[in-house]
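Spelled out, the chains give:
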Amino acid sequence: METVSPFDEAGIEATIREAAEAGTPIVVRGAGSRSGLGRPVQAAITLSTERLTGVTLLEPSELVVSAKAGTTVAEVEAELARVGQRLAFEPLDHRALYGTTAEPTVGGLVATNASGPRRVIAGAARDALIGVRLTTGRAETIRSGGRVMKNVTGYDLVKFACGSHGVLGVVTEATFKTLPIAETEATLVLEGLDDAHGVAALCAGMGTPFEVSGAAHLPALNGAPSRTCLRLENFESQVAYRAGQLAARLKGFGTASRLDAEASRTLWREIGAAASLLGAPERAVWRVSVAPTRGPGVVARLGPLAEAHIYDWSGGLIWVATSAEGDAGASTLRPIVREARGHATLMRAPDAVRAAVDVFEPEAPALARLTAGLRASFDPAGVLNLGRMHAR
């Protein structure tokens, strides 16, 4: 497969124009850290954004940062840390899940809406994204949104681009709103709770006024007891006060221990990575979104199909590991999740499985027509990431 790595938007436009005229399918790639996500794409050309690099705007007073698509997320976070700020949604790092080593990039973050544990309070990457530059399948580069929150136009197009997995166009630059870095953090941990009581404790914590910024339940693993984890962030004096108050509110679930800043950060990196807590790497991994109170019931109904699982986002997100054989449990898992009014995404599985099943939750017919129409308006020749989100 030919790989093309343009230095600028003009090069990306030229590559897409030639491919569209010839009907040649293109797969869009950043550094490749999320290469196992979505359906496998059969393409003749790999269009890489790895040479589009650099932080192009950093305005601490406006709480905004812009970077080109090939810029690593680590570089953006380092630049923000220098001025005491961060990306509030805690970008999800997929490397542990896919066994990759390349540094995640801004383009991949936007394309997959990669949002971590802090999403439960701070919102998703999509909520922090206020502007994009996007080269469509028409070989036209368009700008949507703005560089400051008070001057944002075309906001809905920004939302369409985020999480579109490259089927609408190639993100060449992105602008995010930022927030100050918390002075410190701490995590309260309750041990030994079953799933139902663990999720109940998470929901109770989220219902307090103490601004819980992370809420996850990790079932018992390898002889270690289950852990129900609630994170608090802010100034040292506030965290100390809120931790004491929150522990008192949760007394009915047991006595909480406290992890101070460094141990807390380590724990939440593990939770964000997810795969490190799900056991064998050869397992398929599903990401299930459901109302938090329904999560334990879903897992209970899955029975032995769920070989391992963890809860994040106060129980609203369940990472479920299943066998990678057959359809990776899709025929059993999806009906159970739908009955709970949730949806499921197959995040990791062998290529043959991902090609045979719906990786993303199948759309209702009316929504599928809207999706197809939107894609056709951006990529009329259908050359960008063809088959990534749905079968051809």
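This structure is a prediction, so every number in the text was calculated from the model and none was measured. (Residues numbered from 1 in each chain as written. Predicted model: local features only at pLDDT ≥ 70, side-chain atom pairs only at ≥ 80, totals over all residues. Heavy atoms only, no water.)

Enquirer: So what's going on with the nonpolar core? Which residues, and what values?
Expert: General note: in soluble globular proteins, nonpolar side chains tend to be found buried as a group. One finds Phe176, Trp286 and Leu346 to be the most contacted residues of the largest nonpolar core, which totals 51 residues. In terms of residues, this core owes the most to one element, helix H12 (residues 330-339), which gives 4 residues. Leave out the neighbours within four places in its chain, and Phe176 touches Leu63, Val64, Val65, Leu87, Phe89, Val106, Leu109, Val110, Ala125, Ala128, Leu129 and Ile130. The next biggest cluster of nonpolar side chains, apart from the first, holds 24 residues, and it includes Ala114, Ala274, Val285 and Met347. (Core = buried A, V, L, I, M, F, W, Y, C linked by side-chain atoms within 4.5 Å. Buried < 20%, exposed > 50% of the residue type's maximum accessible area, 1.4 Å probe, protein only. Helix = DSSP H or I, 4+ residues; strand = E, 2+ residues; numbered from the N terminus. Contact = heavy atoms within 4.5 Å.)

Enquirer: Outline the pairing of strand E3 (residues 45-48), supporting the account with residue identities and numerical values.
Expert: Burial along E3 is two-sided: Ile45 and Leu47 facing one way and Thr46 and Ser48 facing the other are all buried. As paired strands, strand E1 (residues 2-4) and E3 are joined by 3 bridges and run parallel to one another. Opposite Thr3, over in E3, you have Thr46 as the bridge partner. Sheet topology places strand E2 (residues 26-29) next to E3; 4 bridges connect them, and they run parallel. The partner of Val27 across the bridge, within E3, is Thr46. (Pairing = 2+ DSSP bridges.)

Enquirer: Please set out the sheet that holds E2 residue by residue, giving values where relevant.
Expert: Pairing is parallel across the open sheet formed by 3 strands, whose spatial order is E1-E3-E2. Unpaired on one side and paired on the other, E1 and E2 mark the two borders of the sheet. On average, each strand axis in the sheet is inclined to that of its neighbour by 25 degrees, with strand direction left out of account. (Axes fitted to C-alpha atoms, helices over the stretch in contact; angles between N-to-C directions.)

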